[in-house]
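The residues making up each chain are set out below.
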Amino acid sequence: MRNLTKMINNTMNFSSHVIKEYKCGKCGELIRVIRLVINGKVRIANRCKACDDRELEKEALQTYKDLQVSKRERIFNDFSLISDGLKNATFENYHPANQELAEAKKIAKNYVDVFNKYKGLMFVGDYGVGKSHLSYSICKEVREKGFTSIFISVPELLTKLKSTFNNTGNYTEEALLTALKNVDLLVLDDIGADYPTDWAISKLFEVINSRIGKNNVYTTNNNAKELINKVGKRNFSRMMENVQLVKMNGNDYRLKNLKIWN
Ligand SMILES: Nc1ncnc2c1ncn2[C@@H]1O[C@H](COP(=O)(O)OP(=O)(O)OP(=O)(O)O)[C@@H](O)[C@H]1O
Ligand SMILES: [Mg+2]
Ligand SMILES: [Zn+2]
C-alpha cells in the first residue's frame, strides 16, 4: 500500500485528507469522509465500510442459497420421471374421501415434518386413491425444506434403463443410478407394476440395495405376496427394512365423474 501511494505520488498529483467524521446512521461505526484529489480531480469517499462489508456478505450468502436451491431443483428435474397428471399435486389439494385416506395424509405430512429420520413409507392400496399424489407432495415439501429428492415411476425407470440411453439424452445410466443412490429422499412410485423379468429384478436390486439406511417412499397396488412375486425376495426384504405401511383404500378418484354417467 505504501509503495502504491509512493508510486501514485511520484506519477500523479495526489492528495487525500479527512474532512469530516460522523457515525453511520445504520450501524454506528465511525465514518471518515475523505477528500481525494487525483490529477486535479476531486473525489469524496463517503461510505460506511462496515455496512458495505455486511451488504457484500449478505449478497454472497444469498447467491450461495440460490445456488443450493437451483441444485436441488436441477437434481429433481433432471432425474425424476413423473406423469403429467401429478405435477400440481400438493397436500392442500388432496381432499381425502374417507378416514383411512385422511390418516394417510396425516402420516405423509408428518413424514415431511420430521424429515430426515432415515425411515420409509410404503403406500399400499387401490387404484386412484392418491398414493402417488401424496408421495409427490412429500417430495416437493422435502425439497422446500432444503433436502434433495427424486420421484421415479418404476415402470418408467425400467423402460428408460432398457432403452440403454441411446438417444435419450443428457445423462448416462451411471449418472442416473448415482443420483438415485445419493439423493436424500427417493420415491419409487408404482413398484411391482411390471412383469417380473430377471433383468428387471436385478436392475431394481441395484437401486434398492443402494438405498439401504436412507429415506425411501414406495407406492404399490400389490399386497405383500404379490409384491414378493413381482420384485423378488431380496428386494422385498430390503424395502421392508424400517418402513411404515400406510394403507390407502377407497374409490378411484380418476373415476369420480362416473357417478353421473349411470
Ligand atoms: N383425494 C384426492 N383429492 C384430490 N385429488 C386426488 C385425490 N385422490 C387422487 N387424486 C388425483 O387423482 C389422480 C390419481 O391419483 P394418484 O395418481 O395419486 O393415484 P394412485 O393411488 O397413485 O393410483 P395408482 O395405483 O393407479 O397409481 C391424480 O391426478 C391425483 O392428483
Ligand atoms: Mg400411482
Ligand atoms: Zn454502517
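Bear in mind that the values here come from a model prediction, so they are computed numbers and not experimental data.

## Observations concerning the packing of helix α3 (residues 99-113) against helix α4 (residues 131-144)
Point 1. Interhelical geometry of α3 versus α4 gives an angle of 20 degrees and a closest axis separation of 9 Å. Considering their axes alone, α3 and α4 lie roughly parallel with respect to each other. For the pair α3 and α4, the sense of crossing is right-handed. Across from Ala-104, Lys-105, Ala-108, Tyr-111 and Val-112 in α3, the residues of α4 making contact are Leu-134, Ile-138, Glu-141 and Val-142.
Point 2. For the contact of α3 with α4, a count of residues per class yields seven nonpolar, no polar and two charged.

## Comments concerning the site of ligand 1
Point 1. Close to ligand 1 lie 16 residues; Gly-128, Lys-131, Ser-132, His-133 and Asn-221 are nearest.
Point 2. One of the backbone nitrogen or oxygen atoms of Gly-130 is found 3.0 Å away from an oxygen atom of ligand 1.
Point 3. Contacts to ligand 1 include Lys-131, whose side-chain N or O atom sits 2.7 Å from an oxygen atom.
Point 4. In the complex, the protein chains occlude 88% of the 630 Å² of accessible area that ligand 1 would expose alone.

## Quick word on the domain arrangement of the protein chain
A common way to report how large an interface is uses the accessible area buried once the components associate.
Point 1. The assigned domain composition of the protein chain is domain 1 (2-47) and domain 2 (80-260).
Point 2. Measuring from the centre of the C-alpha atoms in domain 1 to the corresponding centre in domain 2 gives 64 Å.

## What about the coordination of the zinc ion (ligand 3)?
Point 1. The coordination sphere of the zinc ion (ligand 3), as far as protein atoms go, consists of Cys-24 (SG), Cys-27 (SG), Cys-48 (SG) and Cys-51 (SG), spread over 2.3 to 2.4 Å.
Point 2. Viewed at the metal, the four donor atoms of the zinc ion (ligand 3) are separated by angles of 102 to 113 degrees, and the geometry they form is tetrahedral.
Point 3. For the zinc ion (ligand 3), the donor residues sit on a single chain with the sequence spacing C-x2-C-x20-C-x2-C. Of the two residues, Cys-24 is situated in the loop between β1 (14-23) and β2 (30-38) and Cys-48 in the loop between β3 (41-45) and α2 (49-79); the sequence distance between them amounts to 24 residues. Accessibility classification places Cys-24 together with Cys-48 in one group, the buried group.

## A word on the side chain of Arg-143
Point 1. When you line up the elements, Arg-143 lands in helix α4.
Point 2. According to the relative accessible area criterion, Arg-143 is buried, its value standing at 7%.
Point 3. Residues contacting Arg-143, with those up to four places away along its chain left out, are Arg-72, Glu-73, Phe-76 and Ser-149.

## Quick notes on the layout of surface pockets
Point 1. Its volume calculated, the largest pocket comes out at about 820 Å³.
Point 2. In this structure, the largest pocket is lined by 35 residues; those nearest its centre are Gly-128, Val-129, Gly-130, Tyr-253 and Arg-254.
Point 3. Among the elements of the structure, α4 and β5 (149-153) are those that each provide at least two residues to the lining of the largest pocket.
Point 4. When its residues are assigned to classes, the lining of the largest pocket shows 14 nonpolar, 13 polar and eight charged.

## Focus on the pattern of salt bridges
Two side chains of opposite charge can pair, provided their charged atoms sit close to one another.
Point 1. Taken as a whole, this structure holds eight salt bridges when the rule is applied.
Point 2. In this structure, Glu-206 engages Lys-203 in a salt bridge whose closest nitrogen and oxygen atoms are separated by 3.3 Å. One end of the pair, Glu-206, and the other, Lys-203, are both in helix α7 (residues 198-209), three residues apart, so they sit about a helical turn from each other.
Point 3. For Glu-206, a relative accessible area of 41% puts it in the partly exposed group.
Point 4. Through salt bridges that share partners, Glu-173, Lys-203 and Glu-206 make up one connected network.

## Some details on the sheet that holds β2
Point 1. One open sheet holds the three strands; their spatial order is β1-β2-β3, and the pairing between them is antiparallel. In the strand order of this sheet, the two ends are held by β1 and β3, each with one partner. Each strand of the sheet is rotated relative to its neighbour by a mean of 15 degrees, with strand direction disregarded.
Point 2. Alignment of β1 against β2, held across nine bridges, turns out to be antiparallel. Counted as the bridge partner of His-17 is Arg-35 from β2.

Criteria and thresholds
- Residues numbered from 1 in each chain as written.
- Chains lettered and ligands numbered in written order.
- Predicted model: local features only at pLDDT ≥ 70, side-chain atom pairs only at ≥ 80, totals over all residues.
- Heavy atoms only, no water.
- Axes fitted to C-alpha atoms, helices over the stretch in contact; angles between N-to-C directions.
- Helix = DSSP H or I, 4+ residues; strand = E, 2+ residues; numbered from the N terminus.
- Parallel < 35°, antiparallel > 145°, perpendicular 65-115°, else oblique.
- Left-handed = near helix turned anticlockwise from the far one by under 90°.
- Contact = heavy atoms within 4.5 Å.
- Nonpolar A, V, L, I, M, F, W, Y, C, P; charged D, E, K, R; others polar.
- Near = heavy atom within 4 Å.
- Polar contact = N/O pair within 3.5 Å; in protein donor to acceptor, adjacent residues only side chain to side chain.
- Areas by Shrake-Rupley, 256 points an atom, 1.4 Å probe, with all protein chains shown as cover.
- Domains from an automatic or database assignment.
- Donors = N, O, S within 2.8 Å, 3.2 Å for Na, K, Ca; no water.
- Tetrahedral: all angles 85-135°; square planar, octahedral: opposite > 155°, others 65-115°.
- Buried < 20%, exposed > 50% of the residue type's maximum accessible area, 1.4 Å probe, protein only.
- 1 Å grid on protein atoms, 1.4 Å probe; cavity = no way out; pocket = protein on both sides within 12 Å on 5 of 7 lines; lining within 4 Å.
- Points joined across faces, edges and corners; volume = space filled by probe spheres on them.
- Salt bridge = Lys/Arg side-chain N within 4 Å of Asp/Glu carboxyl O.
- Pairing = 2+ DSSP bridges.

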